[in-house]
Amino acid sequence: MRCVIIDDYQDVARTYAAWDSLDGVEVTSVTEHLDPDALVRALDGVEIVVAMRERTPFPAAVLERLTNLKLLVTTGMRNASIDLAAAERLGVTVCGTPSSPHPPVELTWALIHALTRHIVTEASSVTWQRTVGSDLHGRTLGLLGLGKIGTRVAAVGQAFGMDVIAWSPHLTAERAEPAGVHAVDKATLFETSDILSLHLVLSETTRHIVGHAELASMKPTAHLVNTSRAGLVDTEALVAHLGSGTIAGAGLDVFDVEPLPADDVLRHLPNVVATPHLGYVTEDNYRRFYGGAVEDIAAWLAGDPTRTLLPKDPDV
């Protein structure tokens, strides 16, 4: 039986788990990103695929061409790029793996510091100071979303002496209070945040939840940070407001097209710090991802799949 790990760009997946414990399974990895046709060719005759997050989509049109595929493992427990209904219809079992909320929290703060202290500019010169950084202590950290990641980002902000506020469509004061966070309305979040960090799940109701009106209401000294999903922000609006100076800058780890094209304007705006979707890319998280994938495969081979992902009931 063959197992292929895809999008293993760093060629490290096989070093983070005991793949050799899977008796009778030949494990290989693909280190380049593949378009749909190349993906189907690479996976011809393959029964098991391990996918890294949402780097490669598996819509129905692709799944239908992978006639030997029986098990699709995605790292993490959520993957919007897999058509779960099509997988179920085609008899493909889809499983997830453990993951940690800590790496994206840490990257969020790396981007915040890079923006507020002009780290990229100063590191590229290392002469006398060329910029004047802005303080975090005493400023307002706004969180669009207060789940597992947002709550941890809030705790770090509080350690820096920041006032932390939050809003999301279903956030209540009772839910925010245990985290020491003040729940506000959406308008207040955008109007008063000095740092606005996004931590929402992307859905049809949250897509472009940050648009022209929201960005226009922000302080001209404010920074926006997005380590969640690109679709939460209207990118065209963001580019316009960054270019006009409506907001001071943006730290971005997620983009509408990944990898970000070489000619994309976001690569060239001086007030943008961009990273190539590094939020989950750490050693410990890779051990969780790939160790979990081995567990999933072993359980499936034993006839008892674990951490299965099923399509949502359309009536719910």
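This one's a predicted model, so the numbers in the text were calculated from it and none came from an experiment. (Residues numbered from 1 in each chain as written. Predicted model: local features only at pLDDT ≥ 70, side-chain atom pairs only at ≥ 80, totals over all residues. Heavy atoms only, no water.)

**Some thoughts on the pattern of salt bridges**
Then comes step 1: All told, the structure shown has 10 salt bridges when counted by the stated rule.
Then comes step 2: Of the charged contacts in the structure, one is a salt bridge between Arg65 and Asp37, with a shortest N-O distance of 3.0 Å. On the criterion of sequence distance, the pair formed by Arg65 in the loop between helix H2 (60-63) and strand E4 (71-74) and Asp37 in helix H1 (residues 36-42) is long-range, its members being 28 residues apart.
Then comes step 3: Exposure remark for Arg65: the relative accessible area of 43% places this residue in the partly exposed category.
Then comes step 4: Here Glu64 makes a salt bridge to Arg89, at a shortest N to O gap of 3.1 Å. In this pair, Glu64 is assigned in the loop between H2 and E4 and Arg89 in helix H3 (residues 84-89), connecting sequence segments 25 residues apart.
Then comes step 5: A residue is classified by how much of its surface remains accessible, and Arg89, at 53% relative accessible area, is exposed.
Then comes step 6: Three or more residues joined by partner-sharing salt bridges are found here, namely Glu295, Asp296 and Arg307. (Salt bridge = Lys/Arg side-chain N within 4 Å of Asp/Glu carboxyl O. Helix = DSSP H or I, 4+ residues; strand = E, 2+ residues; numbered from the N terminus. Buried < 20%, exposed > 50% of the residue type's maximum accessible area, 1.4 Å probe, protein only.)

**Structural notes on the sheet that holds strand E9 (residues 195-198)**
Then comes step 1: Strand order in the open sheet formed by seven strands is E8-E7-E6-E9-E10-E11-E12, and the pairing between neighbours is parallel. Each edge of the open sheet carries a strand with a single partner, namely strand E8 (182-183) and strand E12 (272-274).
Then comes step 2: Here strand E11 (residues 249-252) pairs with E12 via three bridges, running parallel. Each residue of the ladder has a partner; that of Gly251, found in E12, is Val273.
Then comes step 3: Packed on one face of the sheet, helix H6 (residues 148-159) meets strand E6 (140-144) and strand E7 (163-167) and runs near 180° to E6. (Pairing = 2+ DSSP bridges. Contact = heavy atoms within 4.5 Å. Axes fitted to C-alpha atoms, helices over the stretch in contact; angles between N-to-C directions.)

**Quick notes on helix H11 (residues 283-301)**
Then comes step 1: When the terminal C-alpha atoms of H11 are compared, their 27 Å separation across 19 residues agrees well with the 27 Å that a helix rising 1.5 Å per residue should span.
Then comes step 2: Every buried residue belonging to H11 is among Asn285, Tyr286, Phe289, Tyr290, Gly292, Ala293, Val294, Asp296, Ile297, Ala299 and Trp300, and all of these are buried.
Then comes step 3: The positive-phi residue at the C-terminal boundary of H11 is Gly303, with phi of around 85°. (Expected span 1.5 Å × (residues − 1).)

**Here's the deal with the sheet that holds strand E5 (residues 93-95)**
Then comes step 1: Across the sheet, which stays open at both edges, the five strands sit in the order E2-E1-E3-E4-E5 with parallel pairing between neighbours. Looking at strand neighbours, the two that pair on one side only are strand E2 (26-29) and E5, the edges of this open sheet. Across this sheet, the average inter-strand angle for adjacent strands is 15°, counted without regard to direction.
Then comes step 2: Here E4 pairs with E5 via three bridges, running parallel. Opposite Leu71, over in E5, you have Thr93 as the bridge partner.
Then comes step 3: Contacts from H11 reach strand E1 (2-5), strand E3 (48-51), E4 and E5 within the one sheet, and its direction differs from that of E4 by about 155°.

**Some words on the UniProt feature "domain: D-isomer specific 2-hydroxyacid dehydrogenase catalytic" (unreviewed entry) in the protein**
Then comes step 1: UniProt's entry tags residues 23-308 with the feature "domain: D-isomer specific 2-hydroxyacid dehydrogenase catalytic" (unreviewed entry), counted in the numbering of this structure.
Then comes step 2: With 34% helix and 15% strand, the stretch residues 23-308 has end C-alpha atoms that lie 22 Å from each other. (UniProt positions renumbered as here; feature names shortened; annotations may be inferred.)

**Observations concerning the environment of Thr206**
Then comes step 1: Mapped onto the elements, Thr206 comes out in the loop between E9 and helix H9 (212-216).
Then comes step 2: C-alpha of Thr206 to C-alpha of Asp163: the two residues are 43 residues apart in sequence and 25 Å apart in space.
Then comes step 3: Discounting chain neighbours no more than four positions away, the residues touching Thr206 are Leu200, Val201, Gly231 and Leu232.
Then comes step 4: Within polar-contact distance, the side chain of Thr206 engages the backbone oxygen of Val201 at 2.8 Å. (Polar contact = N/O pair within 3.5 Å; in protein donor to acceptor, adjacent residues only side chain to side chain.)

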